[in-house]
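Observations on the three-dimensional arrangement
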Amino acid sequence: GTLLGRRSAREHTFPCRVNRLNRPVPPKHWAFIPGMVALAGLVPFGCVFIEMYFLFTAFWSYNKIYYVYGFLLAVVALLAVVIVCVSIVC
């Protein structure tokens with residue numbers, strides 16, 4: 001398929017003109033460096049991980065009762081927001 005596509009693309013011309021001007025590439029914003037990207041993913045993951053740790057500890061032990069359902073709802077909402085944002089960006 002690749003060879004056929006390349007051969008057929010050589011024969012066609014494009015319907016518009018393209019300028020051969022070199023355009024400057026703007027510098028990257030400080031929020032897109034790898035450390036900031038990793039930190040932005042680490043914070044929601046840490047919140048969800050700690051809350052799930054407390055929840056499962058309460059489920060698996062005999063003398064603990066989990067009673068922080070409001071905070072669990074906030075963590076689930078945070079997880080939903082992170083999933084939606086990652087789905088939109090990726």
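Residues numbered from 1 in each chain as written. Predicted model: local features only at pLDDT ≥ 70, side-chain atom pairs only at ≥ 80, totals over all residues. Heavy atoms only, no water.

A look at the overall build of the protein chain
Rules: Runs of H or I in DSSP of at least four residues are treated as helices and runs of E of at least two as strands, each being numbered from the N terminus. Burial classes: relative accessible area under 20% of the type maximum marks a residue as buried, over 50% as exposed, and values in between as partly exposed (1.4 Å probe, protein chains only). Per-residue and other accessible areas follow the Shrake-Rupley method at a 1.4 Å probe size, with only the shown protein chains counted as cover for residues.
Check the secondary structure of the protein chain and you find three helices and zero strands. The secondary structure elements of the protein chain, listed N-terminal to C-terminal, are α-α-α. Within the protein chain, buried positions represent 9% of all 90 residues. Total accessible area on the protein chain is roughly 8800 Å²; 71% of this is exposed by carbon and sulfur atoms.

Considering the packing of aromatic side chains
This is how the line gets drawn: Each Phe, Tyr or Trp ring (for Trp, its six-membered ring) is paired with any other whose centre lies within 6.5 Å, and the angle between the two planes then decides the class: stacked below 30 degrees, edge-to-face above 60, tilted in between.
This model, assessed by the stated rule, comprises four aromatic pairs. Ring centres 6.4 Å apart and planes at 55° place the aromatic pair phenylalanine 56 and phenylalanine 59 in the tilted group. Linking phenylalanine 56 with phenylalanine 59, this pair stays in helix α2 (residues 34-60), spanning three residues, or about one helical turn. Chaining the aromatic ring pairs together yields one cluster made of Phe56, Phe59 and Trp60.

Section: the side chain of glutamate 51
Here is the rule we go by: The contact definition used throughout considers only heavy atoms, calling two residues in contact when any of these lie within 4.5 Å.
Secondary-structure assignment places glutamate 51 in helix α2. Excluding residues that lie within four positions of it along the chain, glutamate 51 makes contacts with Tyr66, Val68, Phe71, Leu72 and Val75.

Observations regarding the layout of surface pockets
The condition that has to hold: Only protein atoms enter the 1 Å grid, on which a cavity is a set of points fitting a 1.4 Å probe that cannot get out and a pocket is an open set with protein on both sides within 12 Å along at least 5 of 7 lines, lining residues being those with an atom within 4 Å of a point. Grid points are joined across faces, edges and corners, and a volume is the space filled by probe spheres set on the points. Three classes are used, and their members are as follows: Ala, Val, Leu, Ile, Met, Phe, Trp, Tyr, Cys and Pro are nonpolar, Asp, Glu, Lys and Arg are charged, and the others, Gly among them, are polar.
Space inside the second largest pocket adds up to approximately 170 Å³. When residues in the lining of the second largest pocket are grouped by element, the largest group, five residues, is from α2. Along the lines of polarity and charge, the residues of the lining of the second largest pocket split into eight nonpolar, one polar and two charged.

A closer look at the confidence of the model for the protein chain
What counts, and what does not: Looking at any residue, its pLDDT shows the predictor's confidence there, from 0 to 100.
When the pLDDT values of the protein chain are averaged, the result is 78; 89% of them are 70 or greater. For the protein chain, per-element mean pLDDT is lowest for helix α1 (residues 2-11), which scores 70, and highest for helix α3 (residues 69-89), which scores 81.

Remarks on a nonpolar patch on the surface
For clarity, the threshold we go by: To count toward a patch, a residue needs a relative accessible area over 30% and no salt bridge; like charges are then connected within 9 Å, while nonpolar side chains (Val, Leu, Ile, Met, Phe, Trp, Tyr) are connected within 5 Å. A pairing counts as a salt bridge when a side-chain nitrogen of Lys or Arg comes within 4 Å of a carboxyl oxygen of Asp or Glu.
On the surface, a cluster of nonpolar side chains totalling about 860 Å² of accessible area is made up of Leu39, Leu42, Val43, Phe45, Phe49, Ile50, Tyr53 and Phe54. Following the sequence through the fold, leucine 39 ends up in helix α2.

Details of α2
An α-helical turn contains 3.6 residues, so any two residues separated by three or four positions project in the same direction. Selection criterion: Take the number of residues in a helix, subtract one, and multiply by 1.5 Å to get its expected span.
With 27 residues, α2 should cover 39 Å at 1.5 Å per step; its first-to-last C-alpha distance of 38 Å lies within 8% of that length. Buried residues of α2: Pro44, Val48, Glu51, Leu55 and Ala58, and no others.

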